[in-house]
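Analysis of the macromolecular model
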Amino acid sequence: MENNERKPRFSLMSISIIIMVLLVVAVGAIIALVSGFNGKELKYGSVKAKILPEENFTIEVEDGEVAIISFNSEASTVAIPDKFDGDKLRSIEEEAFMENNSISKVLIPDGVEKIGDKAFYYCMNLQYVYIPESVTEIGLNSFMGNGDNFTVYGKKNSYAEEFCEMHSIQFKVDK
């Protein structure tokens, strides 16, 4: 007489191990997302950077164009997304990053046209801001009160370079 009973392919132990591995992967993905490492990279001048998730910003949308109203994170490197829910970012409004002492590096994407007055006012640890050629308006006190090592990076003959010359802000050409 033959034994037609089949033995289970997976034991309780192997199922437990698979569940634990899946849990570790899921927790890792959640931590990465919360930390701002969503995997999407954009090129800002000559720098490639991982962008922060949209939930780190308070925005206002009008006629399909986005304005950043405030920044809600303690990240030190801030690579701003060029789109929010498919709508293009056009401006960083007044006081959006004001007195944020956690940021040290900000990368503004191409397409942004305006940086509002006091947008980066008294960000004491801010050392590096990349401003694309698309920016044609910068508020008078946008970068007032930042540290001694503060430098704006951008393209030669851009509005950012002109603004920095007029206001004695260190500017370096991004190649």
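Described in the following lines is the structure provided in the data block.

Parameters and conventions
Residues numbered from 1 in each chain as written. Predicted model: local features only at pLDDT ≥ 70, side-chain atom pairs only at ≥ 80, totals over all residues. Heavy atoms only, no water. Core = buried A, V, L, I, M, F, W, Y, C linked by side-chain atoms within 4.5 Å. Buried < 20%, exposed > 50% of the residue type's maximum accessible area, 1.4 Å probe, protein only. Helix = DSSP H or I, 4+ residues; strand = E, 2+ residues; numbered from the N terminus. Contact = heavy atoms within 4.5 Å. Pairing = 2+ DSSP bridges. Axes fitted to C-alpha atoms, helices over the stretch in contact; angles between N-to-C directions. Phe/Tyr/Trp six-rings, centres within 6.5 Å; stacked < 30°, edge-to-face > 60°. Arc of directions from axis to C-beta. Patch = residues over 30% accessible without salt bridge, like charges linked within 9 Å, V, L, I, M, F, W, Y side chains within 5 Å. Areas by Shrake-Rupley, 256 points an atom, 1.4 Å probe, with all protein chains shown as cover. Salt bridge = Lys/Arg side-chain N within 4 Å of Asp/Glu carboxyl O. Right-handed = clockwise from strand over helix to strand, strands pointing away.

Here's the deal with the nonpolar core
Counting 34 residues, the largest nonpolar core has Ile80, Phe97, Ile108, Phe120, Ile131 and Phe143 as the members making the most contacts within it. Breaking this core down by element, the ones donating at least two residues are strand 4 (65-71), strand 7 (87-92) and helix 2 (159-166). In contact with Phe143, other than residues within four places in its own chain, are Ile115, Phe120, Val129, Ile131, Ile138, Phe150, Phe163 and Ile169. Within the second largest apolar cluster, 10 residues are counted, among which are Leu42, Tyr44, Ala79 and Tyr153.

As for the sheet that holds strand 10 (residues 128-130)
The sheet built from five strands is open, its strands ordered 5-8-10-12-13 with parallel pairing. The open sheet terminates on both sides in strands that have one partner only, identified here as strand 5 (77-79) and strand 13 (171-173). Direction aside, the axes of adjacent strands within the sheet are offset by 15° on average. Examined bridge by bridge, strand 12 (residues 151-154) and strand 13 share three bridges and lie parallel to one another. What sits directly across from Tyr153, in strand 13, is Lys172.

Here we look at the packing of aromatic side chains
Scanning all chains against the criterion turns up 10 aromatic pairs. Seen from their ring centres, Phe120 and Phe143 are 5.6 Å apart, and the 5° between their planes marks the pair as stacked. Of the two residues, Phe120 sits in the loop between strand 9 (114-115) and strand 10 while Phe143 sits in the loop between strand 11 (137-138) and strand 12, which places them 23 residues apart along the sequence. Aromatic pair Tyr159 and Phe163: ring centres 6.5 Å apart, planes at 40°, arrangement tilted. Placement of both Tyr159 and Phe163 in helix 2 is noted, with a separation of four residues, approximately one turn of the helix. Taking the relative accessible area as the measure of exposure, Tyr159 reaches 27% and is therefore partly exposed. A residue is classified by how much of its surface remains accessible, and Phe163, at 3% relative accessible area, is buried. Chaining the aromatic ring pairs together yields one cluster made of Phe57, Phe71, Phe84, Phe97, Phe120, Phe143, Phe150, Tyr159 and Phe163.

A closer look at the side chain of Ser158
Mapped onto the fold, Ser158 is located in the loop between strand 12 and helix 2. The contacts of Ser158, once residues within four sequence positions are left out, are Glu133 and Phe171.

Notes on helix 2
Turn by turn, an α-helix covers 3.6 residues, leaving residues three or four places apart pointing in a common direction. Among all positions of helix 2, only Ala160, Glu161, Phe163 and Cys164 are buried. Down the axis of helix 2, the buried side of the element spans an arc of 160°, and every buried residue falls inside it. Among the exposed residues of helix 2, those pointing more than 90 degrees away from its buried face are Glu165 and Met166. Looking at the packing, one finds that the buried side of helix 2 touches strand 11, strand 12 and strand 13. Looking one or two residues past helix 2, Ser168 carries a phi angle of roughly 50°, positive in sign.

A closer look at a nonpolar patch on the surface
Side chains of Met13, Ile17 and Val21 sit close together on the surface and give an oily, nonpolar patch of about 310 Å² of accessible area. On the secondary structure map, Ile17 appears in helix 1 (residues 12-35). Look at Ile17 and you get partly exposed, because its relative accessible area is 46%.

Comments concerning the pairing of strand 12
Covered by surrounding structure in strand 12 are Thr151 and Tyr153 together with Val152 and Gly154, the residues of both alternating faces. Pairing geometry for strand 10 and strand 12, over three bridges, is parallel. Residue pairing for strand 12: Tyr130 is matched across the bridge by Tyr153. For the crossover from strand 12 across helix 2 to strand 13, the handedness is right-handed.

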